[in-house]
Amino acid sequence: RLPTGLVREGKVDRQWLERFKNQIPERVRRALEPFGYYHAKIEVSLEMVEEEKYKINVEIEPGKPVKINSVNVSIKGPGAEEKALRRLLEVFPLKKGDILHHQKYEEAKGAIKTEAINLGYLDADYSTHVIRVSQLEYSAEIELTLETGPRYYFGEINLEGAPEYPERFLMRYFAFRHGEVFSHPKIFQTQINLNNSDRFKEVVILAERER
């Protein structure tokens, strides 16, 4: 995308154009690094095609990619043996010998934490999340540790503001029950059920985490 001010009233600001041209190599390098290419060679040339029309040529040689030397992904805490979490570890998309791909890493990292939270481990977070890159050796090490923390369950369900409706009737709309593993999707579904009943002007569900 061209920077603001480079073209004014149909005329190219040559000074701004030169500055933009000089910024291209660094921008290209930053764009390639998430895909594992840290040693790209970039050549940029500028030519005038016709009056007030310029062409910027960018030649890129990605070079040798950084490859993964080791992957250490683990889960600790009460939820460490959850089958759903263990499966995500087994299919972690980056293995030893693969080219380092930051987006795959971030997506997998996010998926593991999201699954832990969906399983009721609301305090789940990473105690370690490191990618060590050695540009001289064209290698990288991944270390990722998720601490699940305790599992949360639904406690008492208190209904307020609808005295004309018996509790048994209202509970028909609930997607969860007392004692079940806590789940944000179930709260969301309950909200939808109550709103779709067309019986209430407003529905508010509060999950009091400290209780």
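To be clear, the structure that these remarks concern was listed above.
Thresholds, definitions, all that
Residues numbered from 1 in each chain as written. Predicted model: local features only at pLDDT ≥ 70, side-chain atom pairs only at ≥ 80, totals over all residues. Heavy atoms only, no water. Salt bridge = Lys/Arg side-chain N within 4 Å of Asp/Glu carboxyl O. Helix = DSSP H or I, 4+ residues; strand = E, 2+ residues; numbered from the N terminus. Buried < 20%, exposed > 50% of the residue type's maximum accessible area, 1.4 Å probe, protein only. Pairing = 2+ DSSP bridges. Axes fitted to C-alpha atoms, helices over the stretch in contact; angles between N-to-C directions. Contact = heavy atoms within 4.5 Å. Phe/Tyr/Trp six-rings, centres within 6.5 Å; stacked < 30°, edge-to-face > 60°. Lys NZ or Arg CZ within 6 Å of the ring centre and 35° of its normal. Parallel < 35°, antiparallel > 145°, perpendicular 65-115°, else oblique. Nonpolar A, V, L, I, M, F, W, Y, C, P; charged D, E, K, R; others polar.

I'd like a description of the pattern of salt bridges, backed by residues and values.
This structure, assessed with the given rule, holds 7 salt bridges. Note that R29 is salt-bridged to E26, the shortest N-O span being 4.0 Å. One end of the pair is R29 and the other is E26, both in helix 1 (residues 14-32) and 3 residues apart, which spans about a single turn. Residue classification places E26 among the partly exposed residues on the basis of a relative accessible area of 41%. With its nearest N and O atoms 3.2 Å apart, the salt bridge here joins E82 to R151. Here E82, found in the loop between strand 5 (67-76) and helix 2 (83-90), pairs with R151, found in the loop between strand 7 (139-147) and helix 4 (167-170); they are 69 residues apart in sequence, far enough to count as distant. One continuous salt-bridge network, built from bridges that share partners, spans E26, R29 and R30.

I'd like to hear about the sheet that holds strand 7, residue by residue, with values.
Within a sheet, adjacent strands bond to each other through the backbone by hydrogen bonds, running parallel or antiparallel. Pairing is mixed across the open sheet formed by 3 strands, whose spatial order is 5-7-6. Looking at strand neighbours, the two that pair on one side only are strand 5 and strand 6 (125-134), the edges of this open sheet. The mean angle between the axes of side-by-side strands here comes to 5°, regardless of whether they run parallel or antiparallel. Pairing analysis gives 9 bridges linking strand 6 to strand 7, with the strands arranged antiparallel. From the neighbouring strand, H129 faces strand 7, where its bridge partner is L144. Across the face of the sheet, helix 3 (residues 102-118) comes into contact with strand 5, strand 6 and strand 7 while running at roughly 170° to strand 6.

Provide a residue-level description of the packing of aromatic side chains, including the pertinent values.
Within a pair of aromatic rings, the relevant descriptors are the distance that separates the centres and the angle that separates the planes. Summed over the entire model, instances satisfying the criterion amount to 6 aromatic pairs. Seen in terms of ring centroids, Y165 and F169 are 5.5 Å apart; in terms of plane orientation they differ by 15°. Their pairing is stacked. Exposure class is identical for Y165 and F169. Each is buried. Taken together, the ring pairs in this structure connect F154, F174, F176 and F182 into an aromatic cluster. The lysine or arginine in question, K64, covers the ring of Y138, its NZ or CZ lying 4.8 Å from the ring centre. Over the aromatic face of Y173 sits the side chain of R172, whose NZ or CZ is 5.9 Å from the ring centroid.

Help me get a handle on the side chain of E82, residues and values and all.
E82 gets classed as buried once you look at its relative accessible area, which sits at 18%. The contact partners of E82, leaving out residues within four places of it in the chain, are L119, Y121 and R151.

I'd like a rundown of the packing of helix 2 against helix 3, residues and numbers included.
Any two packed helices are characterised by the angle at which their axes cross and by the distance between the axes. For the pair helix 2 and helix 3, interaxial distance at closest approach is 10 Å and the crossing angle is 175°. Here helix 3 runs roughly antiparallel to helix 2, going by the angle between their axes. In this structure, helix 2 uses A84, L85, L88 and L89 to contact helix 3, whose residues at the interface are A111, I112, E115 and A116. Here the residues of the contact of helix 2 with helix 3 sort into 7 nonpolar, no polar and 1 charged.

Without other data, these values stay purely geometric and don't point to any function.
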